[in-house]
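Read off the chains here:
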Amino acid sequence: MKSLPWFMLVSAWLVALVATLGALFIGEVMGQAPCELCWYQRIAMFPLAWILGVATFRDTTEYEWYALPLTLAGLAVATFHNLVYFGILPEAIHQCGAGPSCTDTSAMQLFGVVPIPLLSLLSFLTIIVLLVAVRRTTR
């Protein structure tokens, strides 16, 4: 792999890694339980940190069959979550009692300022842009 595609792949891996560590920090250190939609986004993001990390250090593009579907699924859930969070769609998910509501602004903000659903959406978008750019430059 050439240096620019490798740099973009490393960047995608770092975004996934920071998003994964951030979610773990919010949940385990800050003690904030994730809502149901956040759990689905975690299901898509956590494996990406491993898949993209292995692809980065093995200098391979064989990750695409695994990373792109996970990223697209995570982006779909994150988009839906943002539509619910910002009140564009009604809250259709009923919480099971373990986490906050998907629209609870006090529970869904990092340090009371940045909406967590928006961070997730931006992370998935960034990873997709970088992976598509890697794919176009290596093909």
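See the structure above.
What counts and how
- Residues numbered from 1 in each chain as written.
- Predicted model: local features only at pLDDT ≥ 70, side-chain atom pairs only at ≥ 80, totals over all residues.
- Heavy atoms only, no water.
- Helix = DSSP H or I, 4+ residues; strand = E, 2+ residues; numbered from the N terminus.
- Buried < 20%, exposed > 50% of the residue type's maximum accessible area, 1.4 Å probe, protein only.
- Contact = heavy atoms within 4.5 Å.
- Areas by Shrake-Rupley, 256 points an atom, 1.4 Å probe, with all protein chains shown as cover.
- Axes fitted to C-alpha atoms, helices over the stretch in contact; angles between N-to-C directions.
- Parallel < 35°, antiparallel > 145°, perpendicular 65-115°, else oblique.
- Left-handed = near helix turned anticlockwise from the far one by under 90°.
- Nonpolar A, V, L, I, M, F, W, Y, C, P; charged D, E, K, R; others polar.
- Phe/Tyr/Trp six-rings, centres within 6.5 Å; stacked < 30°, edge-to-face > 60°.
- Lys NZ or Arg CZ within 6 Å of the ring centre and 35° of its normal.

**Here's the deal with the overall build of the protein chain**
Within the protein chain one finds 4 helices and 2 strands. Element order for the protein chain, N to C, with α for helix and β for strand: α-α-α-β-β-α. Looking at the protein chain as a whole, 42% of its 139 residues are labelled buried. Across the protein chain, contacts joining residues at least 24 apart in sequence account for 72% of those joining residues at least 6 apart. Counting every atom, the protein chain has about 7700 Å² of accessible surface; 71% of that belongs to carbon and sulfur.

**Considering the packing of helix α1 (residues 3-29) against helix α4 (residues 116-138)**
Taken N-terminus to C-terminus, the directions of α1 and α4 make an angle of 160°; their axes are 8 Å apart at the nearest point. Between α1 and α4, the crossing angle belongs to the class labelled roughly antiparallel. Here α1 runs over α4; the crossing is left-handed. Along its contact with α1, which presents P5, M8, L9, S11, A12, V15, A16, A19 and I26, the element α4 presents I116, S123, T126, I127, L130, L131, A133, V134, T137 and T138. By residue class, the composition of the contact of α1 with α4 is 14 nonpolar, 5 polar and no charged.

**What to know about the packing of aromatic side chains**
For the structure shown, the criterion picks out 2 aromatic pairs. Both rings, one in Y85 and one in F86, keep their centres 4.9 Å apart while their planes meet at 85°; by these two values the pair is edge-to-face. A residue is classified by how much of its surface remains accessible, and Y85, at 9% relative accessible area, is buried. Directly above the aromatic system of W39 lies the positively charged group of R42, at a separation of 5.1 Å from the ring centroid.

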